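Each chain, written out:
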Amino acid sequence: MKYKKGDKVRFLNAVGEGVVTKTTADGTVFVLDETGFENPAEQDELILISEYQEPEAANQETEAPAQASGTPDFYPEVSQIAGNEEAKAFFAMVPQPGRDATDADLETYLINDSNYILFYNLVEVTKAQSRGIDAGIVEPNTKISLFTLLRQEIGKSGDYIFQVVFYNEGIYKPVRPIEKKIVISPIKLYKEQTFKENDFFHEKSLIFDLVAAEKPETEAPEMGTEEKKKLKELEKMMQSKKKADARPRKTVKKIEPEEKREIDLHINELIDNTTGLGNSEILAIQMDKFKSEMEQAIKDRIKRIVFIHGIGNGTLKNELRKTLTQQYSKYVFHDASFKEYGFGATLVVLNN
């Protein structure tokens, strides 16, 4: 089912409901929930509560001409802040609350700190390729969540290029389009001094200015003992990788791919009818399936197992990962391949 802006929907795999704010070309639906947070979800993870109804014109004679298709998405109703006319945008990396900044996963955000509407295109850049991973609109004086950078993935991901256009409806002062490359330094992310107090988040964060010119870095304060230890381990790991890459390549026989099992935890894949079931009952069914498949995979000596849980508001994903941490702590887990599953799956490595 296709959803449109303004439709009221309920999450199928998690608790809560909200209003559709936008849909993307790949079918992702963004839902503004009761807490004011915008959550991405797949279409089959939502249930329609009520369709958005266009308000009738108060006076047909004074009704304005119809706008072109798609105009409301590019010209949303906005609230402006006096004195915030300068074009400003930031990319933020925020450690998970309650965790040591040098040992936490990082939530990323795009911040529009201006009275302009902001259109962005986000590209991930590696040595092999450049890949578009997100695009959209950010309303004036707001921020949106982009993706989570797992601590164990730091150093494996590429750099990021933001292409940004500031604009407004009607009369306004145009601003030149901006292209800014953000280089992610693994060593820098292991220094506590990297994360600083800021105006956008309660947590100390790493903030990149997408508009201002680059400034030369000043000498960082002396690191603590624990930070030095982490930095030394990281440098040793990177040095070992360089030596391994420099060694001559040997011809070896092709190794068959590791055996992998995929388990889809979407409720409509587990039972035929969800009528009368509450969100907590649906979650219980999904978690029972997860635990039974984990035990079976361990018994079958499966090397890797992927649990497809979707995006929703993150309840199923969080419960799954909490159980992995508490009951299956000997196994490594992380986000599954983005290319194959997007942000909606978790990979558990059962046998290295």
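What comes next concerns the included structure. (Residues numbered from 1 in each chain as written. Predicted model: local features only at pLDDT ≥ 70, side-chain atom pairs only at ≥ 80, totals over all residues. Heavy atoms only, no water.)

Thoughts on the sheet that holds strand E14 (residues 260-264)
Pairing between the strands of a sheet comes from backbone hydrogen bonds, and it takes one of two forms, parallel or antiparallel.
Here is step 1: An order of E14-E15-E17-E16 is seen for the four strands of this open sheet, with the pairing classed as mixed. Single-partner strands in this sheet number two, and they are E14 and strand E16 (332-335). Shown here is a sheet whose adjacent strand axes are inclined to one another by a mean of 20°, direction ignored.
Here is step 2: Where E14 and strand E15 (residues 304-308) come together, five bridges link them in parallel fashion. Residue pairing across strands places Lys260 opposite Arg304, the latter belonging to E15.
Here is step 3: In this fold helix H4 (residues 279-299) packs onto E14, E15 and strand E17 (345-349), with an angle of close to 170° to the strand it touches most, E15.
Here is step 4: Along the sheet, helix H5 (residues 315-327) contacts E15, E16 and E17; its crossing angle with E16, the most-contacted strand, is approximately 160°. (Pairing = 2+ DSSP bridges. Helix = DSSP H or I, 4+ residues; strand = E, 2+ residues; numbered from the N terminus. Axes fitted to C-alpha atoms, helices over the stretch in contact; angles between N-to-C directions. Contact = heavy atoms within 4.5 Å.)

Things to note about unusual backbone geometry
Here is step 1: A positive phi is found at Asn141, a non-glycine position, where the angle reads about 55°.
Here is step 2: Looking at Asn141, the relative accessible area reads 24%, which means it is partly exposed.
Here is step 3: We note that Arg301 has phi near 60°; this positive angle belongs to a residue other than glycine.
Here is step 4: If you trace the backbone, Arg301 turns up in the loop between H4 and E15. (Buried < 20%, exposed > 50% of the residue type's maximum accessible area, 1.4 Å probe, protein only.)

Quick word on the packing of H4 against H5
Here is step 1: Between H4 and H5, whose axes approach to 11 Å, the crossing angle comes to 40°. With respect to H5, the element H4 is oriented oblique. Crossing of H4 against H5: the hand is right-handed. Here Leu283, Gln286, Met287, Phe290, Lys291 and Met294 of H4 come into contact with H5, specifically with Thr315, Leu316, Glu319, Leu320, Thr323, Leu324 and Gln327. (Parallel < 35°, antiparallel > 145°, perpendicular 65-115°, else oblique. Left-handed = near helix turned anticlockwise from the far one by under 90°.)

Looking at the pairing of strand E3 (residues 29-33)
Here is step 1: E3 sits mainly inside the fold: four of its five residues count as buried.
Here is step 2: Hairpin geometry of strand E2 (residues 17-23) and E3 is characterised by an intervening segment of five residues between the two adjacent antiparallel strands and by a positive phi of about 95° at Gly27.
Here is step 3: Relative to strand E4 (residues 38-41), E3 is paired through four bridges, and the arrangement is antiparallel. Bridge pairing in E4 places Val31 opposite Asn39.
Here is step 4: What sits between E3 and E4 in their antiparallel hairpin is a turn of four residues, with Gly36 showing a positive phi close to 90°.

Concerning the nonpolar core
Here is step 1: Ranked by internal contacts, the top residues of the largest apolar core, which has 29 residues, are Phe91, Met93, Leu110, Leu146 and Phe162.
Here is step 2: Counting residues per element, the ones that place at least two in this core are strand E6 (89-95), strand E7 (106-112), strand E8 (117-125), strand E10 (142-149), strand E11 (159-167), strand E12 (178-182) and strand E13 (206-209).
Here is step 3: Counting 18 residues, the second-largest nonpolar core is a separate cluster that includes Phe290, Ile305, Phe307 and Leu324. (Core = buried A, V, L, I, M, F, W, Y, C linked by side-chain atoms within 4.5 Å.)

Focus: the sheet that holds E6
Here is step 1: Taken in spatial order, the four strands of this open sheet run E10-E7-E6-E13, and their pairing is antiparallel. Edge positions in the sheet fall to E10 and E13, since each of these pairs with one other strand and no more. Strand-to-strand twist in this sheet, taken as the mean axis angle between neighbours without regard to direction, amounts to 20°.
Here is step 2: Pairing between E6 and E7: seven bridges, direction antiparallel. For Ala89, the partnering residue across the bridge sits in E7 and is Asn112.

Side note on the packing of aromatic side chains
Between two aromatic rings, the relevant description is the distance of the centres plus the angle of the planes.
Here is step 1: Counted according to the given criterion, the structure contains 12 aromatic pairs.
Here is step 2: Each ring, one from Phe91 and one from Phe162, has its centre 5.1 Å from the other, and the planes form 45°; the classification is tilted. Here the residue Phe91 occupies a position in strand E6, and Phe162 occupies one in strand E11, the gap between them amounting to 71 residues. By the burial criterion, Phe91 is buried, and Phe162 matches it.
Here is step 3: Here a set of aromatic residues connected by ring pairs shows up, and it is made of Phe91, Phe147, Tyr160, Phe162 and Phe208.
Here is step 4: Lys22 extends its terminal NZ or CZ atom over the ring of Phe30, reaching a point 4.6 Å from the ring centre. (Phe/Tyr/Trp six-rings, centres within 6.5 Å; stacked < 30°, edge-to-face > 60°. Lys NZ or Arg CZ within 6 Å of the ring centre and 35° of its normal.)

Digging into H4
Here is step 1: Taking 1.5 Å of rise per residue, 21 residues should cover 30 Å, and H4 covers 31 Å from first to last C-alpha, within 8% of that figure.
Here is step 2: Here H4 has its buried residues at Ile282, Leu283, Gln286, Met287, Phe290, Glu293, Met294 and Ala297. An end-on view of H4 places all buried positions within 130° of arc, on one side of the element. Opposite the packed face of H4, turned more than 90 degrees from it, sit the exposed residues Ser280, Asp288 and Lys299.
Here is step 3: Of the surrounding secondary structure, the elements contacted by the buried residues of H4 are E14, helix H3 (267-270), E15, H5 and E17. (Expected span 1.5 Å × (residues − 1). Arc of directions from axis to C-beta.)

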